[in-house]
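So you can see what is in the structure, the chains are spelled out below.
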Number of protein chains: 2
Amino acid sequence: MSLVLDPAAQDLLFREARTANTFTDEPVTDEQVQAIYDLVKYGPTAFNQSPLRVTLVRSPEARERLVQHMAEGNRPKTATAPLVAILSADNEFHEELPQLFPHFPQAKDAFFSERPAREQAAALNAALQAAYFIVGVRAAGLAAGPMTGFDFAGVQKEFLDGDHTPLMVVNIGKPGEDAWFPRSPRLAYDDVITTV
Amino acid sequence: MSLVLDPAAQDLLFREARTANTFTDEPVTDEQVQAIYDLVKYGPTAFNQSPLRVTLVRSPEARERLVQHMAEGNRPKTATAPLVAILSADNEFHEELPQLFPHFPQAKDAFFSERPAREQAAALNAALQAAYFIVGVRAAGLAAGPMTGFDFAGVQKEFLDGDHTPLMVVNIGKPGEDAWFPRSPRLAYDDVITTV
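Residues numbered from 1 in each chain as written. Chains lettered and ligands numbered in written order. Predicted model: local features only at pLDDT ≥ 70, side-chain atom pairs only at ≥ 80, totals over all residues. Heavy atoms only, no water.

The name given to chain A in an unreviewed UniProt entry is Putative NADH dehydrogenase/NAD(P)H nitroreductase AT728_37230, with the source organism recorded as Streptomyces silvensis. The Cofactor (unreviewed entry) field of the UniProt record for chain A holds the comment "FMN". Its UniProt record, at the heading Sequence similarities (unreviewed entry), says of chain A: "Belongs to the nitroreductase family. HadB/RutE subfamily." (UniProt positions renumbered as here; feature names shortened; annotations may be inferred.)

Trainee: Tell me what's going on with the overall build of chain A, and back it up with residues and numbers.
Mentor: A tally of helices and strands in chain A yields nine helices and five strands. Tracing chain A from N to C terminus, the helices and strands come up as α-α-β-α-α-β-α-α-α-β-α-β-α-β. Taking 16 Å as the expected radius of gyration for a compact globule of 196 residues, we find that chain A reaches 18 Å, a close match to that expectation. Counting contacts in chain A only where the partners sit at least 6 residues apart, residues at least 24 apart contribute 80% of the total. With the model as given, the accessible surface of chain A reaches about 8,100 Å², and the carbon-plus-sulfur share is 52%. Averaging the coordinates of the 17 positive side-chain charges in chain A and doing the same for the 26 negative ones gives two points 2 Å apart. (Helix = DSSP H or I, 4+ residues; strand = E, 2+ residues; numbered from the N terminus. Rg over C-alpha atoms; globule rule 2.2 N^0.38 Å. Contact = heavy atoms within 4.5 Å. Areas by Shrake-Rupley, 256 points an atom, 1.4 Å probe, with all protein chains shown as cover. Lys, Arg positive; Asp, Glu negative; His and termini not counted. Charge placed at Lys NZ, Arg CZ, Asp CG, Glu CD.)

Trainee: Can you lay out the sheet that holds strand β2 (residues 83-90) of chain B for me, pointing to particular residues and giving the numbers?
Mentor: Taken together, five strands build an open sheet; the order of strands is β5(A)-β1(B)-β2(B)-β4(B)-β3(B) and the sheet is mixed. Each edge of the open sheet is held by one strand with a lone partner, namely β5 (193-195) of chain A together with β3 (143-147) of chain B. Looking at each pair of strands side by side, their axes are set apart by 25° on average, direction ignored. With six bridges joining them, strand β1 (residues 52-57) of chain B and β2(B) adopt antiparallel strand pairing. Within β2(B), the residue paired with B:L52 across the bridge is B:A89. (Pairing = 2+ DSSP bridges. Axes fitted to C-alpha atoms, helices over the stretch in contact; angles between N-to-C directions.)

Trainee: Tell me about the nonpolar core, and name the residues and values.
Mentor: One recurring pattern in soluble globular proteins: nonpolar side chains tend to sit buried together. Ranked by size, the top nonpolar core spans 100 residues in total, and within it A:L87, A:I172, B:L87 and B:I172 carry the most contacts. Once residues lying within four places of it in the same chain are set aside, the contact partners of A:I172 are A:F23, A:V28, A:A81, A:P82, A:L83, A:A85, A:F133, A:V137, A:L142 and A:A143. (Core = buried A, V, L, I, M, F, W, Y, C linked by side-chain atoms within 4.5 Å. Buried < 20%, exposed > 50% of the residue type's maximum accessible area, 1.4 Å probe, protein only.)

Trainee: Requested: an account of the packing of aromatic side chains, with residues and values cited.
Mentor: If you walk through the whole model with that rule in mind, you get 20 aromatic pairs over all chains. Among the aromatic residues, ring-to-ring pairing joins A:F47, A:F93, A:F101, A:F104, A:F111 and A:F112 into one connected group. (Phe/Tyr/Trp six-rings, centres within 6.5 Å; stacked < 30°, edge-to-face > 60°.)

Trainee: Would you mind going over the relation of the copies chain A and chain B in detail, with residue names and values included?
Mentor: Superposition of chain A onto chain B requires a rotation of 180° combined with a translation of 0.0 Å along the rotation axis, giving an RMSD of 0.0 Å. Accordingly, the operation relating the two chain copies is best matched by a two-fold axis. Comparing interface residues between copies, 100% of those in chain A also sit at the interface in chain B, which points to an isologous, same-surface contact. (Least-squares fit on C-alpha atoms with pLDDT ≥ 70 in both.)

Trainee: Could you give an account of the side chain of B:R18, with specific residues and numbers?
Mentor: Residue and element names in this part refer to chain B. Mapped onto the elements of the fold, R18 is located in the loop between α1 (7-15) and α2 (30-40). No salt bridge is formed by the buried R18; the nearest opposite charge belongs to E16, separated by 11 Å. Here F181 takes part through its backbone oxygen, which lies 2.8 Å from a polar atom of the side chain of R18. For R18, the contacting residues outside a window of four places in its chain are R138, A143, A144, W180, F181, P182 and R183. (Salt bridge = Lys/Arg side-chain N within 4 Å of Asp/Glu carboxyl O. Polar contact = N/O pair within 3.5 Å; in protein donor to acceptor, adjacent residues only side chain to side chain.)

Trainee: I'd like a description of α2(B), backed by residues and values.
Mentor: Taken as a whole, α2(B) has its buried residues at B:Q32, B:V33, B:A35, B:I36, B:Y37, B:L39 and B:V40. Considering only its buried residues, α2(B) is in contact with α1 (7-15), α9 (189-192) and β5 of chain A together with β1, β2 and α7 (115-139) of chain B.

Trainee: Describe the interface of chain A and chain B, listing the residues and the values that go with them.
Mentor: Contacts between the two partners involve 73 residues from chain A, matched on the other side by 73 residues from chain B. Overall, the association of chain A and chain B removes approximately 6,700 Å² of surface from exposure, summing both partners, and the carbon and sulfur fraction of that is 71%. On the surface where chain A and chain B come into contact, there are zero salt bridges. If you look at where chain A meets chain B, you find 26 residue pairs in polar contact (both at pLDDT 80 or more). Taken together, the elements giving at least two residues each to the side of chain A that touches chain B come down to α1, α2 (30-40), β1 (52-57), α5 (97-100), α7 (115-139), β4 (164-173), α9 and β5 of chain A. Among the residues making up the side of chain A that touches chain B, the classes are represented as 44 nonpolar, 18 polar and 11 charged. Sheet analysis places β5(A) next to β1(B), joined by three bridges and oriented parallel. Pairing of A:I193 across the sheet is with B:V54, part of β1(B). (Buried area = accessible area lost by both parts, 1.4 Å probe. Nonpolar A, V, L, I, M, F, W, Y, C, P; charged D, E, K, R; others polar.)

Right, here's the structure in full:
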């Protein structure tokens, strides 16, 4: 076996973890979200720029507003998941960079003085952090249901501002009945990995 | 404790794992890369589109060509890491979609008939998979050194083709002497997570 990670952890995070489409009623607490964040905040980003922002949709009124912007097939699960989170990229992350990357404080001006450069960096690095977040949800024994099927402009206008680009909406909770389809096939090693 | 993941696994994947800047000479084998892939291939992507592709740079001649395209500060570590991988997004991933997403084979034509839609989806979902890959490298007891400081057009021309967009270059191996800076600070929970 070439991995040192405990097989039970492999199962929890990847092999038995699945994208859930239904959930039980069991709440997801702020303590759980805090524990997830306190773990996955250490995942690496370029210049430690850490552009991911998370909006927890807790009030019924906000949930209702969000559901209206979801693609029709995503509405029932977004309406019923114990917790729904909007993940976005902060395109003004560079303001925090001198604090986040103290051994090279010039990075803010050297690389990120132009908005397009920031948007490009934020899109990539917030996506990395979104994946760490999904892994973290699983580390808490919960199922994640990430979705990109929604009106991005509508969600941005309703919940964010012009400096924050939505990445995905994630349903979070304990999986319910018939929570998933059968596991879909994955690409073979040789279809993904080549050697030069 | 709100996480169910074993604390040793938390340390291995996030808390004690660090981005390495130096490496030992110990080789990274194809068996290790296979084990990493066989774990992280299960990480979720939209429509299971799985657009990440990995180019392992094994020959000295290819390594030399890659080093030339790296930013100057990244050259020494890229030249000396036991293994270097180019991660890219396959913008023609939709060709595999009927096989990868068998319960909705229409997705290929319904959502991905236009190249810009594919490029946008591939960029996000390959970035998610890049993060799973970094976690997988750590699961193998290795350190990852992801880098975006390189000539993207040059690397694409030299190693890929017009259908594959480079995402990052990752150095992989056992950490060497003075492998990292002190851990940089992370954002506080309240700076990242808001509730509505």
